[in-house]
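# Chains, contacts and geometry: an overview
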Amino acid sequence: MCSSDLAVVGTRRPQPRSISEVRRVLAGLRGRDFVIVSGFARGIDAAAHEAALALDLPTVAVLGAGFAFDYPSAHGSLRRRILEAGGLLVTEFSDEEGPAAHQFIRRNRLIAQWSRASWVVEAAAKSGALNTADWAQRAHRTVYATPAFPEDPTLAGNQRLLDDDAAQAVWGLHSFGSTWLELAAMRPGGAARPSSTPSANGALEKIEAEIQRHERIDRKSTRLNSRHITISYAVFC
């Protein structure tokens with residue numbers, strides 16, 4: 001599991017606008033060090049893998065069956081293109097194990113735990129994508145969900161996640177900023193939002209300048225040692 005892995009999950013029968021939303025939001029990740037993880041099913045999963053391939057982003061397909069089973073059968077080309085692009089096909093199941101309902105629950109666990117955050121694009125009230133969200137919460141991963149129009153049954157699962165404060169709303173790429181700080185300043189379309197807040201590099205430059213200023217002062221007075229100031233970074237997956 002990498003700190004830049006984003007799981008993208010949802011219904012097998014998405015609305016066209018949900019497919020468009022996957023493409024729109026992920027487009028801003030082009031050229032960035034991100035990996036798109038999904039479950040290789042029809043619908044949102046396939047849209048996520050296809051979007052990653054179009055953007056030259058690595059993608060990981062977590063299967064609900066053994067490698068010997070070409071499932072879904074319509075995804076033979078997608079399977080080949082993922083591997084040709086340097087992506088991964090991952091399964092917990094032996095070659096003899098075909099697709100079964102309980103195996104997709106296990107697959108969802110692996111998707112959620114592999115990724116740093118999970119985005120539920122479109123989920124009805126009884127969608128399997130909600131199971132992925134549940135696994136993500138158990139693993140202390142951040143869950144995101146596309147907002148729903150009130151009483152829209154196709155997004156009832158999304159609305160429940162948001163109503164229960166179990167997910168954060170995705171309005172654009174910047175919405176993932178609570179997980180990946182560098183995305184917080186992204187406008188729709190991938191452009192950086194102008195901000196009076198200094199960037200991380202700018203902040204470090206100011207800190208260094210302040211340390212040097214104190215060193216100059218301290219050579220004349222208290223001789224403050226800049227080694228007493230420690231700047232630490234930690235990335236938690």
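Here strand β5 (residues 117-122) runs beside strand β6 (residues 142-145); their pairing, made up of 4 bridges, is parallel. In the sheet register, S118 faces β6, and the bridge partner there is V143. A crossover links β5 with its parallel partner β6, the connecting element being helix α5 (residues 129-138), and its sense is right-handed. For β6 and strand β7 (residues 168-169), the ladder comprises 2 bridges, and the chain directions are parallel. Bridging from a neighbouring strand, Y144 pairs with Q168 of β7.

For the rest of this paragraph, the subject is the sheet that holds strand β2 (residues 35-38). An order of β4-β3-β2-β1-β5-β6-β7 is seen for the 7 strands of this open sheet, with the pairing classed as parallel. Looking at the sheet topology across the chains shown, the edges are occupied by β4 (88-90) and β7. Strands in contact with helix α2 (residues 44-54) are β1 (5-10), β2, β3 (59-62) and β5; relative to β1, the strand with the most contacts, it is inclined by about 140 degrees. The sheet contacts of helix α3 (residues 76-84) involve β3 and β4, and relative to β4 the element is tilted by about 120 degrees.

Attention now moves to the nonpolar core. Core analysis: the biggest nonpolar cluster contains 26 residues, and L6, V8, L26, I36, W119 and F176 have the highest contact counts within it. The dominant element in this core, judged by the number of residues it contributes, is α2, at 5 residues. Ignoring sequence-local partners within four residues, the contact set of I36 consists of L6, V8, L26, L29, A48, A52, L57, P58, T59 and V60.

With that settled, the discussion passes to the pattern of salt bridges. Enumeration over the complete set of coordinates arrives at 8 salt bridges. A salt bridge links D152 to R17; its shortest N-O distance comes to 2.6 Å. Here D152 is found in the loop between β6 and α6 (156-163), whereas its partner R17 is found in helix α1 (residues 16-26), with 135 residues between them in sequence. Judged by relative accessible area, which is 13%, D152 ranks as buried. For R17, a relative accessible area of 48% translates into the label partly exposed. Between R80 and E84 there is a salt bridge, with its nearest N and O atoms 3.6 Å apart. Of this pair, R80 and E84 both sit in helix α3, 4 residues apart, which is roughly one turn of that helix.

To continue, consider helix α4 (residues 101-114). With 14 residues, α4 ought to run about 20 Å at 1.5 Å a step, and its terminal C-alpha atoms sit 20 Å apart, in line with that. Taken as a whole, α4 has its buried residues at Q103, F104, R107, N108, R109, L110, I111 and A112.

Counted residue by residue, α5 has 7 buried out of 10 residues, so it is predominantly covered. Structurally, α5 contributes buried residues whose contacts are with β1, α4, β5, β6 and α6. Note on α5: the residue one or two positions beyond its end, H140, has a positive phi of about 60 degrees.

Calculation criteria
Residues numbered from 1 in each chain as written. Predicted model: local features only at pLDDT ≥ 70, side-chain atom pairs only at ≥ 80, totals over all residues. Heavy atoms only, no water. Pairing = 2+ DSSP bridges. Helix = DSSP H or I, 4+ residues; strand = E, 2+ residues; numbered from the N terminus. Right-handed = clockwise from strand over helix to strand, strands pointing away. Contact = heavy atoms within 4.5 Å. Axes fitted to C-alpha atoms, helices over the stretch in contact; angles between N-to-C directions. Core = buried A, V, L, I, M, F, W, Y, C linked by side-chain atoms within 4.5 Å. Buried < 20%, exposed > 50% of the residue type's maximum accessible area, 1.4 Å probe, protein only. Salt bridge = Lys/Arg side-chain N within 4 Å of Asp/Glu carboxyl O. Expected span 1.5 Å × (residues − 1).

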